[in-house]
Amino acid sequence: KTLQDYADWCGDVAYQAQPNVIWTMCNGLSSERTINTCNGYGKGGSCSTTWLEQYGQSGRIQIDMPALWTESEMGFQIWGDDPTNTTDYFWGRTARDVAGDVLRWFARGGTHLNT
């Protein structure tokens with residue numbers, strides 16, 4: 001058995017349950033019955049650049065599936081933090097950097113973002 005077999009099994013289970021909702025699988029393998037979504041992080045935004053350019057890992061994003069960014073895994077400066085002495089959650093990303101990646105995501109065809 002392979003990881004793809006597992007992803008396909010998950011998609012089949014979701015389909016057989018007939019929940020009348022669309023199922024997603026994030027940042028990696030996805031089934032033919034699910035939508036592959038992006039988890040992004042890092043300066044320059046992997047979701048707003050390479051992931052969209054490659055049509056997601058499934059190769060179907062923006063072709064026959066919407067571009068969904070389901071986890072914004074890019075730490076940010078916490079409100080009120082001193083930029084010269086930040087908390088551990090700050091990964092070198094300012095609110096301006098994060099906003100730029102979000103705007104780039106939608107400008108390039110992204111249809112959904114949740115953080």
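Everything here concerns the structure above.
What this report covers is the structure whose coordinates are included nearby. (Residues numbered from 1 in each chain as written. Predicted model: local features only at pLDDT ≥ 70, side-chain atom pairs only at ≥ 80, totals over all residues. Heavy atoms only, no water.)

**Quick look at the packing of aromatic side chains**
For any pair of aromatic rings, geometry is given as the distance between the ring centres together with the angle between the planes.
Point 1. The final tally for this structure, using the stated rule, is three aromatic pairs.
Point 2. Ring centres 6.0 Å apart and planes at 25° place the aromatic pair Y6 and W9 in the stacked group. Of this pair, Y6 and W9 both sit in helix 1 (residues 3-16), separated by three residues, roughly a single helical turn.
Point 3. Overall, Y6 belongs to the exposed group, its relative accessible area being 52%.
Point 4. Among the aromatic residues, those joined into a cluster by ring pairs are W51, W69 and W105.
Point 5. If you follow R33 out to its NZ or CZ, it ends over the ring of Y15, 3.9 Å from the centre. (Phe/Tyr/Trp six-rings, centres within 6.5 Å; stacked < 30°, edge-to-face > 60°. Helix = DSSP H or I, 4+ residues; strand = E, 2+ residues; numbered from the N terminus. Buried < 20%, exposed > 50% of the residue type's maximum accessible area, 1.4 Å probe, protein only. Lys NZ or Arg CZ within 6 Å of the ring centre and 35° of its normal.)

**Here we look at the side chain of N39**
Point 1. For N39, the position within the fold is in strand 2 (residues 35-40).
Point 2. A polar side-chain atom of N39 sits 3.2 Å from a polar atom in the side chain of T70. (Polar contact = N/O pair within 3.5 Å; in protein donor to acceptor, adjacent residues only side chain to side chain.)

**Re the sheet that holds strand 1 (residues 24-26)**
Point 1. Spatially, 1-2-3-4 is the arrangement adopted by the four strands of the open sheet, whose pairing is parallel. For this open sheet the edge positions go to strand 1 and strand 4 (112-113), each flanked by a neighbour on one side alone.
Point 2. With two bridges connecting them, strand 3 (residues 68-72) and strand 4 associate as parallel partners. Across the sheet, W69 pairs through a bridge with L113, a residue of strand 4. (Pairing = 2+ DSSP bridges.)

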